[in-house]
Amino acid sequence: QVQLVESGGDAVQPGGSLRLSCAVSGYDYRGCMSWFRQVPGSAREGVAAVAYYGTDSHADSVKGRFTISKDRAKNRLYLQMKSLKSDDTAMYYCAATRSGLGITACLDDFRYDYWGQGTQVTVSS
């Protein structure tokens, strides 16, 4: 049984940093893993993804500020967030696919089979 559990969300001030973690169990790491975010009334947005072979991709809105990484030995997927802005406020979800995909395909939310329950990030003064 694949289980993804996010943690690390918090309320922070603009310009602050935060690291989100996703505890992974029952997964073979042969698919794509990613972080998505969503705010009420808006579509789910792909934030960052990493393909099974290691290549990563980040949305333009977070490029240079966020970094996705995975550590199979620790059974963790991370999202390091720096220079946080109010627009980064959202529920953040980690996700994984059953099958291996190219990095471009990893950006499509409809391709994901496993999802965590989310962790809230709030950036405000």
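Scroll up to find the structure this text is about.
Structural notes, computed from the coordinates. None of the values given here were measured: they were computed from a predicted structure. (Residues numbered from 1 in each chain as written. Predicted model: local features only at pLDDT ≥ 70, side-chain atom pairs only at ≥ 80, totals over all residues. Heavy atoms only, no water.)

1. A word on the state of the cysteines
Heads up, the rule is: Disulfides are defined as pairs of cysteine sulfur atoms found within 2.5 Å of each other. Per the convention used, a helix needs a DSSP run of H or I reaching at least four residues, while a strand needs a run of E reaching at least two, with both numbered from the N terminus. Buried means the residue's accessible area, taken with a 1.4 Å probe over protein chains only, is under 20% of the maximum for its type, while exposed means over 50%, and partly exposed covers the values in between.
Tallied over the full model, the rule gives 2 disulfides. The side chain of C22 participates in a disulfide bridge whose partner is C94; the two sulfur atoms lie 2.1 Å from each other. Taking the torsion about the sulfur-sulfur bond, which here is approximately 50°, the covalent link between C22 and C94 counts as right-handed. Remark: C94 occurs in strand β9 (residues 90-96) and C22 occurs in strand β3 (residues 18-25); sequence separation between them is 72 residues. Judged by its relative accessible area of 0%, C22 falls in the buried class. According to the relative accessible area criterion, C94 is buried, its value standing at 0%. Disulfide pairing is shown between C32 and C106; the S-S distance is 2.0 Å. Classification of the bridge connecting C32 and C106 rests on its S-S torsion, roughly 140°, and on that basis the disulfide is right-handed. Of this pair, C32 sits in the loop between β3 and β4 (33-38) while C106 is found in the loop between β9 and β10 (114-115), placing the two residues 74 residues apart along the sequence. Judged by relative accessible area, which is 0%, C32 ranks as buried. Shown here for the protein chain is a disulfide pattern of 1-3, 2-4, where each number marks a bonded cysteine counted in sequence order.

2. Considerations on the sheet that holds strand β8 (residues 76-81)
Which entries qualify depends on this criterion: Should DSSP find at least two bridges between two strands, the strands are taken to pair. Angles run from 0 to 180 degrees between N-to-C directions of axes, and those axes are lines fitted to C-alpha atoms, restricted for helices to the stretch in contact.
With respect to topology, 4 strands assemble into an open sheet ordered β1-β3-β8-β7, the strand pairing being antiparallel. The open sheet terminates on both sides in strands that have one partner only, identified here as β1 (3-7) and β7 (66-71). Taking each pair of neighbouring strands and ignoring which way they run, the sheet shows an average axis angle of 15°. As paired elements, β3 and β8 share 6 bridges and run antiparallel to each other. Within β8, the position partnered with C22 by the bridge is L77.

3. Quick notes on the side chain of T97
Note the cut-off: Polar contact criterion, stated in full: a pair of N or O atoms within 3.5 Å, where within protein one must be able to donate a hydrogen and the other to accept it, and residues adjacent in sequence count only if both atoms are side-chain atoms. Should any heavy atoms of two residues lie within 4.5 Å, those residues are considered in contact.
When you line up the elements, T97 lands in the loop between β9 and β10. At a separation of 2.8 Å, a polar atom in the side chain of T97 contacts the main-chain amide nitrogen of C32. Every residue in contact with T97, bar those within four places of it in the chain, is listed here: Y27, G31, C32, R111, Y112, D113 and Y114.

4. Side note on the environment of S34
As for its placement among the helices and strands, S34 is situated in strand β4. In this structure the C-alpha to C-alpha distance between S34 and D71, which are 37 residues apart in sequence, comes to 13 Å. Residues within four places of S34 in sequence aside, it is in contact with A48, A49, I68, L77, Y93, C94, A95 and Y112. Looking at S34, its side chain comes within polar contact range of the side chain of Y112, at 3.2 Å.

So yeah, pure geometry; function would need other evidence.
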